[in-house]
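Observations on chain architecture
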Amino acid sequence: LGESLTAFKSDLSIPWSMVAKIGVQIIQRIKSVHQKGLIHRDIKPDNFLFGLGRNSQTVYLIDFGFCKNYVTPEGSHMLEGVRASGVIGTPNFASIRAHDFLQTSRRDDIESAIYVLIYLFLPLNKWRKIFESDMTNEQIKMAKIGLRAMSPLGDLLQYCDALKFEEEPNYTRFAHALLSFDSL
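Residues numbered from 1 in each chain as written. Predicted model: local features only at pLDDT ≥ 70, side-chain atom pairs only at ≥ 80, totals over all residues. Heavy atoms only, no water.

Thoughts on the nonpolar core
One finds I26, I114 and L120 to be the most contacted residues of the largest nonpolar core, which totals 46 residues. Looking at this core, the elements with two or more residues in it are α2 (16-35), β2 (48-50), β3 (59-61), α4 (106-121), α5 (124-130), α6 (137-150), α7 (154-162) and α8 (171-180). The element contributing the most residues to this core is α4, with ten residues. For I114, the residues in contact, after removing those within four places along its chain, are L153, L156, L157, C160 and F174. (Core = buried A, V, L, I, M, F, W, Y, C linked by side-chain atoms within 4.5 Å. Buried < 20%, exposed > 50% of the residue type's maximum accessible area, 1.4 Å probe, protein only. Helix = DSSP H or I, 4+ residues; strand = E, 2+ residues; numbered from the N terminus. Contact = heavy atoms within 4.5 Å.)

Focus on the packing of aromatic side chains
For the structure shown, the criterion picks out seven aromatic pairs. For the pair Y119 and W127, a centre-to-centre distance of 5.3 Å together with 80 degrees between the ring planes defines the contact as edge-to-face. For the pair shown, Y119 and W127 are each scored as buried. A centroid spacing of 5.3 Å and a plane angle of 65 degrees characterise the contact between Y159 and F174, whose relative ring orientation is edge-to-face. Placement of the pair is Y159 in helix α7 and F174 in helix α8, with a sequence separation of 15 residues. One aromatic cluster is present, built from ring pairs that chain together F93, Y119, W127 and F131. (Phe/Tyr/Trp six-rings, centres within 6.5 Å; stacked < 30°, edge-to-face > 60°.)

Focus on α2
In this model α2 runs 28 Å from its N-terminal to its C-terminal C-alpha over 20 residues, within 8% of the 28 Å that 1.5 Å per residue would give. Listing the buried residues of α2 in full gives W16, V19, A20, I22, G23, V24, Q25, I26, I27, I30, V33 and H34. Buried residues in α2 make contact with α1 (5-9), β1 (38-39), β2, β3, α4 and α8. Trailing α2 by a residue or two, G37 shows a phi angle of about 80 degrees, which is positive. (Expected span 1.5 Å × (residues − 1).)

A few points about the pattern of salt bridges
In this structure the tally under the stated criterion is eight salt bridges. Linking K44 and D42 is a salt bridge whose minimum nitrogen-to-oxygen distance equals 3.7 Å. Of the two residues, K44 and D42, neither departs from the other in class, the shared state being buried. One salt bridge connects R148 with D161, and the closest N-O pair in it is separated by 2.5 Å. Pair noted here: R148 is in helix α6 and D161 is in helix α7, with a separation of 13 residues, a long-range link. Judged by its relative accessible area of 11%, R148 falls in the buried class. (Salt bridge = Lys/Arg side-chain N within 4 Å of Asp/Glu carboxyl O.)

What about the packing of α4 against α7?
As a packed pair, α4 and α7 sit with axes 9 Å apart at the nearest point and diverge in direction by 165 degrees. Viewed along their axes, α4 and α7 adopt a mutual orientation that is roughly antiparallel. The interaxial crossing formed by α4 with α7 has left-handed handedness. Note on element contacts: α7 touches α4 through L156, L157, C160 and D161, opposite R107, I110, E111, I114 and Y115. (Axes fitted to C-alpha atoms, helices over the stretch in contact; angles between N-to-C directions. Parallel < 35°, antiparallel > 145°, perpendicular 65-115°, else oblique. Left-handed = near helix turned anticlockwise from the far one by under 90°.)

Set out below in C-alpha cells:
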C-alpha cells in the first residue's frame, strides 16, 4: 500500500471534487466493515491508504485494532448506553458520542468519516486552529459542535445524530450527498 490520506494532504487544501471521490470510497470501505458485523472505531486519515500502481486511485482501510462486533453471535445488537473508560479512537476524529464515553455503533464510524473529509478539505493551518494540540476532551467536543454549524456537511452530521444506535446508516445517501456538493 502507498501513502496515507494524512501524507497525501500534506499542507494542502484538497479540492472538494477530489475529497468527494475519496469520501465515497471511505463510505464504501466502512460499509464493508459493517457488513461483517464490525465497527472500526478508529476512522482517521492515517488509517486510509492509497494503493500502488494500477490501484493508486483506490483507498484502503487499515488498522483494525479497535474493531468490535456490534452484534452478538445470536444476532442481537450490543447494548446501547454502556460507558467506556475513555475516548476510543483518535480524539480529533472520534464521534461526539465517543467523547461522552458512550458505546459506539455504525453511525459513529460514519460521523468520524465526515470529520476526515472536513480535515482533507480545510487548509491544515485552519484545521490546527480548530483542533489545537493541547485541547481537553470537552474542548474537542465543543469544536466539533461548532463545525456542525459552519460546515455544509453539518446536515450529514445531524443525520448521524438522528440515527438510532442499532440503525443501519444509509450509505448510498452519504455517497450521493458528497457528490452533490459542487464546492464547499
